[in-house]
Amino acid sequence: AGEGSAPVPGDGAGPPAPERVLFPPTFSVSEIKNKQRRHFMFLRWKQQQRKEKLALKKKRKKEREALGDKAPPKAVPKTIENQRVYDETTVDPNDEEVAFDEATDEFAPYFNRQTVPKILITTSDRPRGRTVRFCEQLATVIPNSHVFYRRGLALKRIIPQCIARDFTDLIVINEDRKIPNGLVLSHLPDGPTAHFRMSSVRLRKEIKRKGKEPTEHVPEVILNNFTTRLGHSIGRMFAALFPHDPQFVGRQVATFHNQRDYIFFRFHRYIFKSEKKVGIQELGPRFTLKLRSLQKGTFDSKFGEYEWIHKRREMDTSRRKFHL
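Residues numbered from 1 in each chain as written. Predicted model: local features only at pLDDT ≥ 70, side-chain atom pairs only at ≥ 80, totals over all residues. Heavy atoms only, no water.

Asker: In this structure, what is going on with the side chain of Asp-300? I would like to understand it.
Answerer: By the secondary structure assignment, Asp-300 is in the loop between strand 10 (286–295) and strand 11 (306–309). Here Lys-156 takes part through its side chain, which lies 3.3 Å from a polar atom of the side chain of Asp-300. Beyond its immediate chain neighbours, meaning those up to four positions away, Asp-300 contacts Lys-156, Gln-295 and Tyr-306. (Helix = DSSP H or I, 4+ residues; strand = E, 2+ residues; numbered from the N terminus. Polar contact = N/O pair within 3.5 Å; in protein donor to acceptor, adjacent residues only side chain to side chain. Contact = heavy atoms within 4.5 Å.)

Right, here's the structure in full:
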């Protein structure tokens, strides 16, 4: 090379310039035969996609800051939730018929403060350790709840005993292969009875950054997104498990959040960092419920009258159709 000329890469004059990853328009990672090479190239492609997305986001932010008040409104992203198919049973808060039904249904004595919740929590026959621990932790979340073990008794024999001892609700935790997989909630003495599929159960020791053990204060209850007549009934069932007057000094809150007909349960404690900042600390346990059926009256698997049954082939025809 002549004097003053640039060094040639690879001739020892300096390190070679880093090559920019350029993929051809028709490039497909799946065409690469070598598994390790295919995985490596896929990671590089994902990294490039993230960089381009971040650069576009920063560019749009600068443009909006430059326009100031003249900036166009942000576009609302399309989600399955906000594209939900309209349900004719959606509850109107000002509907007189709904108000009359609520004033005369099975939960009216609770909402009129005539009864105090008293819950019996039991399990399927011969429960394993994980299910037992889950029931014990659930009893610390729901005030005035008592854990008893089945000992081979049928539910039809347990329910009359619960009514005689002034229990207002019966919760049965079912398990399969040592894992809790079902929940039956029966409101006493006249029903209704709901059967849920349970999944994603996490005990307290399995939750990261969990708080200290919950106190005996009555928690606040939050019910999110129970909009239809069926969802309204399920929400009232959950509300009737907790005493009507929460003790806000305990800073504890139990949340039943319905999203796409999956009911997510979380138990948190508020942490007031300052007058303006509030944090939350999960206490556990946590689980997810999916409604399978709603039955009139107390539990009766043979002759019970069902208000609603989930039929997968008939009801799950659209991803944007929800029932709660």
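Asker: Quick question: what am I supposed to make of the state of the cysteines here?
Answerer: Every disulfide links exactly two cysteines, by a covalent bond between their sulfur atoms. Summed over all chains, the structure comprises zero disulfides. Just so you know, Cys-135 is unpaired, no disulfide at all, and the nearest cysteine sulfur is the one on Cys-162, 14 Å from it. A relative accessible area of 0% means that Cys-135 is categorised as buried. (Disulfide = S-S within 2.5 Å. Buried < 20%, exposed > 50% of the residue type's maximum accessible area, 1.4 Å probe, protein only.)

Asker: Honestly, the domain arrangement of the protein chain in this entry has me stumped. Any pointers?
Answerer: Where interface size is given, it is often the accessible area lost as the parts come together that is meant. Taken as a whole, the protein chain is organised into domain 1 (29–67) and domain 2 (88–316). Computed from C-alpha coordinates alone, the two centres of domain 1 and domain 2 are separated by 44 Å. (Domains from an automatic or database assignment.)

Asker: I would appreciate a short explanation of the pattern of salt bridges in the present structure.
Answerer: Side chains that differ in charge, positive against negative, can pair when their charged atoms come close. Going through the model one piece at a time under the given rule, you end up with 10 salt bridges. In this structure, the salt-bridge partner of Glu-102 is Arg-236, at a minimum N-O distance of 3.7 Å. Here Glu-102, found in helix 2 (residues 96–104), pairs with Arg-236, found in helix 6 (residues 229–239); they are 134 residues apart in sequence, far enough to count as distant. By relative accessible area, Glu-102 is classed as partly exposed at 23%. In this structure Arg-236 comes out as buried when scored by relative accessible area, which is 11%. Note that Glu-305 and Lys-296 form a salt bridge whose closest N and O atoms lie 3.7 Å from each other. Through salt bridges with shared partners, a single network forms among Glu-102, Asp-105 and Arg-236. (Salt bridge = Lys/Arg side-chain N within 4 Å of Asp/Glu carboxyl O.)

Asker: Help me understand unusual backbone geometry in this model?
Answerer: Note that the residue after Leu-188, namely Pro-189, is joined by a cis bond; omega there is 5°. Note that Pro-189 resides in the loop between strand 4 (179–187) and strand 5 (193–202). Even without a glycine there, the phi angle at Arg-151 is positive, about 55°. A positive phi is found at Arg-251, a non-glycine position, where the angle reads about 60°. By the secondary structure assignment, Arg-251 is in the loop between helix 6 and strand 7 (252–259). The partly exposed category is assigned to Arg-251, whose relative accessible area is 31%.

Asker: I keep staring at the environment of Glu-52 and nothing clicks. Help me out?
Answerer: Tracing the backbone through its elements, the reader meets Glu-52 in helix 1 (residues 35–67). For Glu-52, a relative accessible area of 43% corresponds to the partly exposed category. Each C-alpha atom, one on Glu-52 and one on Lys-210, is 36 Å from the other, the two residues being 158 residues apart in sequence.

Asker: Mind showing me how you'd approach the pairing of strand 8 (residues 262–272) here?
Answerer: One face of the sheet, then the other: side chains in a regular strand alternate in exactly this way. Bridging between strand 7 and strand 8 involves eight bridges; their strand directions are antiparallel. Residue pairing across strands places Ala-254 opposite Phe-267, the latter belonging to strand 8. The hairpin formed by strand 7 and strand 8 contains two residues between the paired strands, and Arg-260 there has a positive phi angle of roughly 55°. Pairing of strand 8 with strand 10, which is carried by four bridges, proceeds in the antiparallel orientation. The partner of Ile-263 across the bridge, within strand 10, is Leu-289. Across five bridges, the pairing between strand 8 and strand 9 (residues 278–282) is antiparallel. (Pairing = 2+ DSSP bridges.)

Asker: Teacher, can you tell me more about the nonpolar core here?
Answerer: Generally speaking, soluble globular proteins have nonpolar side chains that are buried together. Ile-171, Phe-196, Ile-234, Phe-238 and Ile-263 are the most contacted members of the largest nonpolar core, which totals 39 residues. With sequence-adjacent residues up to four places away left out, Phe-196 is seen in contact with Gly-182, Leu-183, Leu-185, Ile-234, Phe-238, Ile-263, Leu-289, Lys-290, Leu-291 and Arg-292. Leu-120, Leu-155, Phe-167 and Leu-170 belong to the second-largest nonpolar core, a separate cluster that totals 10 residues. (Core = buried A, V, L, I, M, F, W, Y, C linked by side-chain atoms within 4.5 Å.)

Asker: Can you walk me through a positive patch on the surface in this structure?
Answerer: Residues Lys-46, Arg-50, Lys-53, Lys-57, Lys-61, Arg-64 and Lys-74 make up a contiguous surface patch of positive charge. Among the structural elements, Lys-74 can be located in the loop between helix 1 and helix 2. (Patch = residues over 30% accessible without salt bridge, like charges linked within 9 Å, V, L, I, M, F, W, Y side chains within 5 Å. Areas by Shrake-Rupley, 256 points an atom, 1.4 Å probe, with all protein chains shown as cover. Lys, Arg positive; Asp, Glu negative; His and termini not counted. Charge placed at Lys NZ, Arg CZ, Asp CG, Glu CD.)

Asker: Any chance you could explain the UniProt feature "domain: Brix" (unreviewed entry) in the protein chain here in plain terms?
Answerer: In the UniProt entry, the feature "domain: Brix" (unreviewed entry) is given for residues 117–300. With 18% helix and 40% strand, the stretch residues 117–300 has end C-alpha atoms that lie 22 Å from each other. (UniProt positions renumbered as here; feature names shortened; annotations may be inferred.)

Asker: Whenever I open this one, the packing of aromatic side chains confuses me. Can you help?
Answerer: For any two aromatic rings, the description comes down to two numbers: the centre-to-centre distance and the angle of the planes. Counted according to the given criterion, the structure contains 10 aromatic pairs. A ring pair is formed by Phe-242 and Phe-256, whose centres lie 6.4 Å apart and whose planes are at 70°; its orientation type is edge-to-face. One end of the pair, Phe-242, is in the loop between helix 6 and strand 7; the other, Phe-256, is in strand 7, and 14 residues separate them in sequence. Of the residues examined, Phe-256 reaches a relative accessible area of 4% and is grouped as buried. Between Tyr-270 and Phe-272, the ring centres sit 6.3 Å apart and the planes meet at 40°, which makes this aromatic pair tilted. Take Phe-272: its relative accessible area is 53%, and that puts it in the exposed class. (Phe/Tyr/Trp six-rings, centres within 6.5 Å; stacked < 30°, edge-to-face > 60°.)

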